[in-house]
Amino acid sequence: MSTNTANKKGRIITGMRPTGRLHLGHYLGVLKNMVKLQEEYECFFFVADWHALTTKFDCTENLVEDTRNVVLDWLAAGIDPEKSDIYIQSHLPQTAELHIYLSMITPQNWVERDPTLKDLAKMLRTGEDETKPNVSYGFLGYPVLMSADILSFNVDYVPVGIDQVAHIEITRDIARRFNNIYKTELFKEAKPLLTTTPMLKGVDGQKMGKSFHNDIKISDDEETTTKTVMKAITDRSRARRDDPGHPDKCEVAFEYWKAFATEEQVKKVQQECIAGKRGCADCKRELAAIINEQLKPIRERRKYYEQHPEIVDEIIKKGDENARIAAEEVLSKIRKAVGMFQL
Ligand code: TRP
């Protein structure tokens, strides 16, 4: 953690559920932003393994590996443990304690009307074993647990995607309610910092995701990446190599060009394509080379940390410790505000 927080613009927290290795959609949409934010803010980044349990309490066999992979992808992308604290949610008892206080004051209908939770619950109900109770007590507490993550650190901002904004709204409502009930000004109202980068499609034009087998992972090697990029959909109406192409109808490949190449490179591709001087296969081979070039330092960092698990453990230990110190400072005020017996 940067020990000098005096010149920072405020405190930030964000978490990610451990759902497997991260892909380029995560990289462009979230990770790049986190890497930038750590220069300006005091940052806590955590793996939300308790949140993973809210939906996958009965399949935990990959939880340890998935948790480690999130940390590896973060470090690879450039999260600097000297600047940010990386911790594991379940290593922070303060969050669990705060979850209890918050769950007492949160009206039941606030969690029941959370739109993101409703969507998630719908997904849980479809295609599931009907004898299984799908929506648990802990699942209903999803936004309350998230509020506890955020309020344990009394942060100023929470960088998230648009789908998480409803949860941050509840967090603000809960913070306000806590302040009202206990006649305190303890909690700030954390604001979402929206990640602005547009979503990157999968190579088949659908939403990028591992279950669709259309994603490029940060941890994929060059060869795999090239193979995947070669599958990217182009202009479907173009039959022959020297037909004039339509970059605006090129569904995926041109989008990737815009996401990864310089403006100059994009312009050149566009002109050559329209003039019929650029075949799709050559174009994608070139694109793959550019993506691989950008991922090179990231992959090298990932390899380094993969080969030194003891260093990663130390980073997490240190992050856990710093997070505990920061959260304990807030929790001691919370216990007092609630009116708990303390020795
Ligand atoms: N719910 C978030 C997601 O699925 C992860 C998360 C848990 C989180 N707690 C948080 C994000 C607190 C920001 C702040 O992406």
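Basis of the calculations
Residues numbered from 1 in each chain as written. Predicted model: local features only at pLDDT ≥ 70, side-chain atom pairs only at ≥ 80, totals over all residues. Heavy atoms only, no water. Helix = DSSP H or I, 4+ residues; strand = E, 2+ residues; numbered from the N terminus. Rg over C-alpha atoms; globule rule 2.2 N^0.38 Å. Buried < 20%, exposed > 50% of the residue type's maximum accessible area, 1.4 Å probe, protein only. Contact = heavy atoms within 4.5 Å. Areas by Shrake-Rupley, 256 points an atom, 1.4 Å probe, with all protein chains shown as cover. Lys, Arg positive; Asp, Glu negative; His and termini not counted. Charge placed at Lys NZ, Arg CZ, Asp CG, Glu CD. Expected span 1.5 Å × (residues − 1). Phe/Tyr/Trp six-rings, centres within 6.5 Å; stacked < 30°, edge-to-face > 60°. Pairing = 2+ DSSP bridges. Right-handed = clockwise from strand over helix to strand, strands pointing away. Polar contact = N/O pair within 3.5 Å; in protein donor to acceptor, adjacent residues only side chain to side chain. Core = buried A, V, L, I, M, F, W, Y, C linked by side-chain atoms within 4.5 Å. Domains from an automatic or database assignment. Buried area = accessible area lost by both parts, 1.4 Å probe. Axes fitted to C-alpha atoms, helices over the stretch in contact; angles between N-to-C directions. Parallel < 35°, antiparallel > 145°, perpendicular 65-115°, else oblique. Left-handed = near helix turned anticlockwise from the far one by under 90°. Nonpolar A, V, L, I, M, F, W, Y, C, P; charged D, E, K, R; others polar.

K.L.:
Can you help me understand the overall build of the chain in this one?
P.N.:
Along its length, the chain carries 14 helices and five strands. The C-alpha atoms of the chain give 23 Å as radius of gyration, which agrees with the globular expectation for 343 residues (20 Å, within 12%). Over its C-alpha atoms, taken along the principal directions, the chain stretches across nearly 80 × 50 × 35 Å. For the chain, the residues scored as buried account for 49% of the 343 residues in total. Of the contacts formed within the chain by residues at least 6 apart in sequence, a portion of 78% connects residues at least 24 apart. Surface accessibility of the chain: about 17900 Å² in total, with carbon and sulfur atoms responsible for 53%. Each charge class in the chain can be summarised by its mean position, and for the 50 positive and 53 negative side chains these summaries are 3 Å apart.

K.L.:
Mind showing me how you'd approach helix 1 (residues 24-37) here?
P.N.:
Along an α-helix, residues three or four apart share an orientation, since each turn contains 3.6 residues. Counted at 1.5 Å a residue, the expected span for helix 1 with its 14 residues is 20 Å, and the 19 Å between its end C-alpha atoms agrees. Of all the 14 residues making up helix 1, 10 are buried; the element is thus mostly covered by neighbouring parts of the structure. For helix 1, the complete set of buried residues consists of Leu 24, Gly 25, Tyr 27, Leu 28, Gly 29, Leu 31, Asn 33, Met 34, Val 35 and Leu 37.

K.L.:
Explain the packing of aromatic side chains here, please?
P.N.:
Under the criterion given, the structure shown has nine aromatic pairs. Ring geometry for Tyr 87 against Phe 153: centres 5.7 Å apart, planes inclined by 35°, an arrangement best described as tilted. Of this pair, Tyr 87 sits in strand 3 (residues 84-88) while Phe 153 sits in the loop between helix 8 (142-151) and strand 4 (157-160), and the two are 66 residues apart along the sequence. Phe 153 shares its class with Tyr 87; the two are buried. One aromatic cluster in this structure is built from Phe 44, Phe 46, Tyr 87 and Phe 153.

K.L.:
Help me understand the pairing of strand 5 (residues 191-194) in this model?
P.N.:
Put simply, side chains in a regular strand alternate between the two faces of the sheet. Across four bridges, strand 4 lies against strand 5 in parallel orientation. For Pro 159, the partnering residue across the bridge sits in strand 5 and is Leu 193. The parallel pair strand 4 and strand 5, bridged by helix 9 (residues 165-181), forms a crossover whose chirality is right-handed.

K.L.:
Just to check I follow, could you spell out the environment of Asp 49 for this structure?
P.N.:
With respect to the secondary-structure elements, Asp 49 resides in helix 2 (residues 49-56). With relative accessibility at 9%, the residue Asp 49 sits in the buried group. C-alpha of Asp 49 to C-alpha of Ile 88: the two residues are 39 residues apart in sequence and 7.2 Å apart in space. Excluding its chain neighbours within four sequence positions, the residues that come into contact with Asp 49 are Pro 18, Leu 63, Thr 67, Ile 88, Gln 89 and Ser 90.

K.L.:
Explain the side chain of Ser 84 to me, please; I cannot follow it from the model alone.
P.N.:
Summarising the element assignment, Ser 84 is placed in strand 3. According to the relative accessible area criterion, Ser 84 is buried, its value standing at 2%. A distance of 2.7 Å separates a polar atom in the side chain of Ser 84 from a polar atom in the side chain of Gln 38.

K.L.:
Just to check I follow, could you spell out the nonpolar core for this structure?
P.N.:
By size, the foremost hydrophobic cluster in this structure holds 53 residues, and its most contacted members are Leu 31, Trp 74 and Tyr 256. Dropping the residues within four chain positions of it, Tyr 256 is found in contact with Leu 200, Lys 201, Gly 202, Val 203, Met 208, Ile 216, Ala 261, Leu 287 and Ile 291. Leu 117, Ile 150, Val 160 and Ala 326 belong to the second largest nonpolar core, which has 23 residues in total.

K.L.:
How do you make sense of the domain arrangement of the chain when you look at a structure like this?
P.N.:
Interfaces are often described in size by the accessible area the parts lose on coming together. The domains assigned to the chain are domain 1 (11-200 + 309-338) and domain 2 (220-300). Relative placement of domain 1 and domain 2: their C-alpha centres are 36 Å apart. Taking both sides of the interface into account, the surface hidden between domain 1 and domain 2 amounts to around 570 Å²; carbon and sulfur atoms contribute 83%. Of all residues in domain 1, the largest losses of buried area upon contact with domain 2 belong to Leu 24, Ala 76 and Leu 200, amounting jointly to 63% of the total for that side. Looking at the side of domain 1 that touches domain 2, the elements that each hand over two or more residues are helix 1 and helix 3 (63-77).

K.L.:
Mind showing me how you'd approach the environment of Gly 205 here?
P.N.:
With respect to the secondary-structure elements, Gly 205 resides in the loop between strand 5 and helix 10 (222-230). Spatially, the C-alpha atoms of Gly 205 and Ile 325 are 45 Å apart, while their sequence positions differ by 120 residues.

K.L.:
Explanation requested: the packing of helix 3 against helix 13 (residues 280-307) in the structure shown.
P.N.:
In helix packing, the relevant descriptors are the interaxial angle and the interaxial distance, both defined with respect to the helix axes. Between helix 3 and helix 13, whose axes approach to 7 Å, the crossing angle comes to 135°. In terms of orientation, helix 3 and helix 13 fall into the oblique class. The hand of the helix 3/helix 13 crossing is right-handed. In contact with Asn 69, Leu 72, Asp 73, Leu 75, Ala 76 and Ala 77 of helix 3, helix 13 contributes Ile 298, Arg 301, Arg 302, Tyr 305 and Glu 306. Its residues assigned to classes, the contact of helix 3 with helix 13 shows six nonpolar, one polar and four charged.

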